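Descriptive structure summary
Now for the letters of each chain:
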Amino acid sequence: TRRMHLTSSGLSRLFTVSDESGAAELARDWAATRFADVRSDSTFSESSDEAEQLDVVLDLGLDPVPAPMGDTWILPADLIYGEPSVAGWPVPRRSSFCIDHNNETRWEFRIPLPEGWTNATVPGTQSLGVNCFRYSVNYAVKDGELVVLRSLKERAGTVAAADGIALIGRQFQAIMELELSPVVLTRKD
């Protein structure tokens, strides 16, 4: 398992991948699909084949983070979540759902609170899933930053029953809707 720590323009992302081969290449590909303006001086490095963490420093041309409106700060979904963590789900799905191996992916996103803010109310923790997968997202304010931790745990198995497939489809849809929603914070000082 590799931990990838991506830092850019005061924003920080940390995510964990199970595939140990080509972690730097995976980070480079992820950055290229997520950010249009990854510059050539971005750094992708890992200390050794046994490295537990891959540090990635990106020089990005990001749009400015929206300013708060009074005591409310609305952060766009794509800033917080990036690319969707689950794929689209055909409705109706006519085939079984199969996960061929156990896997866990974690994402960590950090952004400093606006100037003058020391604390804020954040959305509640969300947890979705069924036997073969579990998705969770937790929002917190720590050390003057908004911290968003997400996790997707997949367990090897196959779901063939129509009602099980429909339940997974509803859970996937709920995850996609969550990741398309802005994150709203309210100043609490």
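A brief report on the enclosed structure follows.

So, about the environment of serine 136. Structurally, serine 136 can be placed in strand 10 (residues 133-142). Residue classification places serine 136 among the partly exposed residues on the basis of a relative accessible area of 26%. A C-alpha to C-alpha distance of 6.7 Å links serine 136 and leucine 152, two positions 16 residues apart in sequence. Among residues more than four places away in sequence, those in contact with serine 136 are Gln126, Ser127, Leu149, Arg150 and Ser151.

Here asparagine 119 is to be found in the loop between strand 7 (103-112) and strand 8 (120-121). Sequence-wise, asparagine 119 and glutamate 145 are 26 residues apart; in three dimensions their C-alpha atoms are separated by 8.6 Å.

Here the structure, examined in full by the defined rule, presents 3 aromatic pairs. Between the aromatic rings of tryptophan 73 and tryptophan 117, the centroid separation amounts to 6.2 Å while the plane-to-plane angle is 65 degrees, which identifies the pairing as edge-to-face. Here the residue tryptophan 73 occupies a position in strand 5 (residues 72-75), and tryptophan 117 occupies one in the loop between strand 7 and strand 8, the gap between them amounting to 44 residues. The exposure class of tryptophan 117 is buried, given its relative accessible area of 6%. Seen in terms of ring centroids, phenylalanine 97 and phenylalanine 172 are 5.8 Å apart; in terms of plane orientation they differ by 85 degrees. Their pairing is edge-to-face.

Going residue by residue along strand 5, you find Trp73 and Leu75 tucked away on one face and Thr72 and Ile74 left uncovered on the opposite face. Where strand 5 lies against strand 13 (residues 183-187), 4 bridges are found, and the strand directions are antiparallel. Bridge pairing links tryptophan 73 to leucine 185 in strand 13.

For the structure shown, the criterion picks out 5 salt bridges. With its nearest N and O atoms 2.8 Å apart, the salt bridge here joins glutamate 104 to arginine 106. Given the relative accessible area of 44%, arginine 106 is considered partly exposed. One salt bridge connects glutamate 145 with arginine 110, and the closest N-O pair in it is separated by 3.0 Å. With glutamate 145 in strand 11 (residues 145-154) and arginine 110 in strand 7, this pair connects stretches of sequence that are 35 residues apart.

Conventions adopted
- Within every chain, residues take consecutive numbers counted from 1 along the sequence as written.
- With the structure being a predicted model, the display of local features is reserved for residues of pLDDT at least 70 and the display and counting of side-chain atom pairs for 80 or more, all residues being used for whole-chain, interface and lining totals.
- Heavy atoms from the whole structure form the basis of all side-chain values; hydrogens and water molecules are not counted.
- Numbering of helices and strands starts at the N terminus; helices are DSSP runs of H or I of at least 4 residues and strands are runs of E of at least 2.
- When accessible area is computed with a 1.4 Å probe and restricted to protein chains, residues below 20% of their type maximum are described as buried, those above 50% as exposed, and intermediate ones as partly exposed.
- Only heavy atoms enter the contact rule, under which two residues are in contact if any of them lie within 4.5 Å.
- Two aromatic rings from Phe, Tyr or Trp, using only the six-membered ring of Trp, form a pair when their centres are within 6.5 Å; if the ring planes differ by under 30 degrees the pair is stacked, by over 60 it is edge-to-face, and anything between is tilted.
- Two strands qualify as a pair provided DSSP detects at least 2 bridges between them.
- Just to be clear on terms, a salt bridge is a Lys or Arg side-chain nitrogen sitting within 4 Å of an Asp or Glu carboxyl oxygen.

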